[in-house]
Amino acid sequence: MLKESDRVWLQSVIDKITRKMDWVSEKTRHKIPYTTIDGTYDDRSAVNPSGDEADGICWWTNGFWGGMMWLMHHETGLEKYKEIAQISEEKLDLCFQKFYGLHHDVGFMWLPTSVANYRVTGNPESRKRALHAANLLAGRFNLAGGFIRAWNDLADGDTRGWAIIDCMLNIPLLYWASEETGDPRFKQIAMKHADTSMETFVRPDGSVNHIVEFDPWNGGVVKTYGGQGYEEGSSWTRGQTWALYGFMMSYIHTGKDEYLQTAKRIAHYFIANIPDSGIIPVDFRQPAEPRREDDTAAAIAACGLIEIAKRVGGYEKDVYLNAALKLLRTLDASRSDWTEATDAILQNGTGAYHSKSHHHAIIYGDYYFIEAVFKLKGNDLYLW
Ligand code: GLY
């Protein structure tokens, strides 16, 4: 699948990942990091330890560190990575008790931790946690609109009718639950949400909305929001990638061809908008200045593009694969820090276009970068 020069490059990146994760994992053993402070990983499990807030132990990214450890365990066979992943997973039990902090991102939290653990070790406690999370996600389904509610009410508003494109990568938890239990309800909800998303989020040109608000009683579309992108009608790049990779995963779990065609349409839009530099902006429709970029979108897109490439042939395969290689080679060459000056690999992540800070480490950037690199090698652990 890869040219010899790409193979040589790939092995060099795997060597760098393996060297860096060896020491980073040790010093981060008891943390659940989100970003770095002066080069050292923070610890979301220590934020608001006694509160119900969604930004502490229930923070939506808290599954990615455990997921990175499972990827490293799968690659190296080292027990220490498994042990660290299990520390994260056990800490997340506190969220189940808090409940009010939980949201649709239970997929991002328990797929890379409990489902991964169950897949690798068969641990019955992990299965129980993952099924519990799947039931919480299924319970957010709105029958009138056919969508999964994203968030709980915000300080300044009612979000009963809000769905967000990111959920396309949470619903694999529902596919897993149906595959695991034989109960079709979870898959039915996931497919209904995916069908609604195809109709209401994906635009004819292959770009996607971030947020769609439905009337929570009759299901009609009320309005769309720019969300974490530049403005309404713009094209938040990480949202494009949640859609690209998410529809691809829905295709892989269901075999429904429309999901594959939708993933391809989003991919074509994404590929057509990759700048010559290979550096992905926060929003494809943002102003030229100030410069704002997001490494995480590049890494997530690469994962989705590789999955499409695995399922098509000939010239088409090269289109997706070459785009993924361009993104990953750019991240490695100019957006990574492989030294001991910082715990994170990718340095230029951005939470949202209008966030106060930009261009900092974000845990899922590193997670998806590592996942994409192992996917290219053909040794990824199937976490979604
Ligand atoms: N799921 C929220 C984000 O991508 O930032």
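In the annotation of an unreviewed UniProt entry, the protein chain is listed under the name Glycosyl hydrolase family 88 and assigned to Paenibacillus nanensis. If you open the UniProt record of the protein chain and go to Sequence similarities (unreviewed entry), you find "Belongs to the glycosyl hydrolase 88 family."

Moving on: the site of the ligand. Looking at the ligand, the residues that line it are Trp60, Asp166, Gln228, Trp236, Arg238, Trp242 and Tyr364. A distance of 2.6 Å is found between a nitrogen atom of the ligand and a side-chain nitrogen or oxygen belonging to Asp166. Contact between the ligand and Trp242: an oxygen atom at 2.9 Å from a side-chain N or O atom of the residue. Mapping the ligand onto the cavity grids shows that it belongs to the largest pocket. Here the shell around the ligand is composed, by residue class, of four nonpolar, one polar and two charged.

Moving on, we come to the layout of surface pockets. When its volume is computed, the largest pocket comes out at roughly 670 Å³. If you trace the largest pocket, you find 30 residues lining it, with Trp59, Trp60, Asp105, Trp151 and Gln228 closest to the centre. Of the residues belonging to the lining of the largest pocket, the class tally is 13 nonpolar, nine polar and eight charged.

A word on the sheet that holds strand β6 (residues 211-214). Taking strand neighbours across the sheet as the criterion, the three strands line up as β5-β6-β7 in an open arrangement whose pairing is antiparallel. Two strands close off the open sheet at either side, each with one partner strand: β5 (162-164) and β7 (221-225). Mean inter-strand twist for the sheet, computed between neighbouring axes without regard to direction, equals 25°. In terms of strand pairing, β5 meets β6 through three bridges, oriented antiparallel. Residue pairing across strands places Ala163 opposite Val212, the latter belonging to β6.

Attention shifts here to the pairing of β6. With burial as the criterion, each face of β6 is covered, one bearing Ile211 and Glu213 and the other bearing Val212 and Phe214. Where β6 meets β7, four bridges bridge the pair, whose relative direction is antiparallel. Each residue of the ladder has a partner; that of Ile211, found in β7, is Tyr225. Once β6 ends, the chain turns through six residues before running back antiparallel as β7, passing Gly219 with a positive phi of about 85°.

The next point concerns unusual backbone geometry. In this model, Glu289 is joined to Pro290 through a cis peptide bond whose omega is 0°. Within the secondary structure, Pro290 sits in the loop between α10 (257-273) and α11 (295-310). Positive phi outside glycine occurs at Asp38, with the angle close to 50°. In the Ramachandran plot, His359 falls in the positive-phi region, its phi being about 60° despite a non-glycine side chain. Looking at where His359 falls in the secondary structure, it is placed in the loop between α12 (314-334) and α13 (363-377).

Counted according to the given criterion, the structure contains 30 salt bridges. If you follow the salt bridges from partner to partner, you end up with Glu307, Lys310, Arg311, Glu371, Lys375 and Asp380 in one network.

Within the fold, Lys377 resides in helix α13. You can call Lys377 partly exposed: its relative accessible area is 41%. Lys377 sits 371 residues away from Asp6 along the chain, and the two C-alpha atoms are 10 Å apart. Of the polar contacts made by the side chain of Lys377, one reaches the side chain of Glu75; its length is 2.8 Å.

With that settled, the discussion passes to the environment of Asp337. The topology assignment puts Asp337 in the loop between α12 and α13. For the pair Asp337 and Met21, spaced 316 residues apart in sequence, the C-alpha to C-alpha distance is 12 Å. Not counting residues up to four positions away in its chain, the partners in contact with Asp337 are Lys20, Thr342, Ala344, Ile345 and Gln347. Here the side chain of Asp337 touches Thr339 through a polar contact of 2.6 Å, side chain to side chain.

The next thing to look at is the packing of aromatic side chains. In the structure shown here, the tally under the stated rule is 30 aromatic pairs. Taking 6.3 Å as the distance between ring centres and 45° as the angle between the ring planes, the aromatic pair formed by Phe247 and Tyr259 counts as tilted. With a gap of 12 residues between them, Phe247 in helix α9 (residues 237-254) and Tyr259 in helix α10 connect regions that are remote in the sequence. For Phe247, a relative accessible area of 0% puts it in the buried group. Sitting above the plane of the Trp59 ring, Arg44 keeps its charged end 4.7 Å from the centroid. Geometry around Phe186 places Arg185 over its ring, the cationic atom sitting 5.2 Å from the centre.

About the thresholds
Residues numbered from 1 in each chain as written. Predicted model: local features only at pLDDT ≥ 70, side-chain atom pairs only at ≥ 80, totals over all residues. Heavy atoms only, no water. UniProt positions renumbered as here; feature names shortened; annotations may be inferred. Near = heavy atom within 4 Å. Polar contact = N/O pair within 3.5 Å; in protein donor to acceptor, adjacent residues only side chain to side chain. 1 Å grid on protein atoms, 1.4 Å probe; cavity = no way out; pocket = protein on both sides within 12 Å on 5 of 7 lines; lining within 4 Å. Sits in = over half its atoms within 2 Å of the grid points. Nonpolar A, V, L, I, M, F, W, Y, C, P; charged D, E, K, R; others polar. Points joined across faces, edges and corners; volume = space filled by probe spheres on them. Pairing = 2+ DSSP bridges. Helix = DSSP H or I, 4+ residues; strand = E, 2+ residues; numbered from the N terminus. Axes fitted to C-alpha atoms, helices over the stretch in contact; angles between N-to-C directions. Buried < 20%, exposed > 50% of the residue type's maximum accessible area, 1.4 Å probe, protein only. Salt bridge = Lys/Arg side-chain N within 4 Å of Asp/Glu carboxyl O. Contact = heavy atoms within 4.5 Å. Phe/Tyr/Trp six-rings, centres within 6.5 Å; stacked < 30°, edge-to-face > 60°. Lys NZ or Arg CZ within 6 Å of the ring centre and 35° of its normal.

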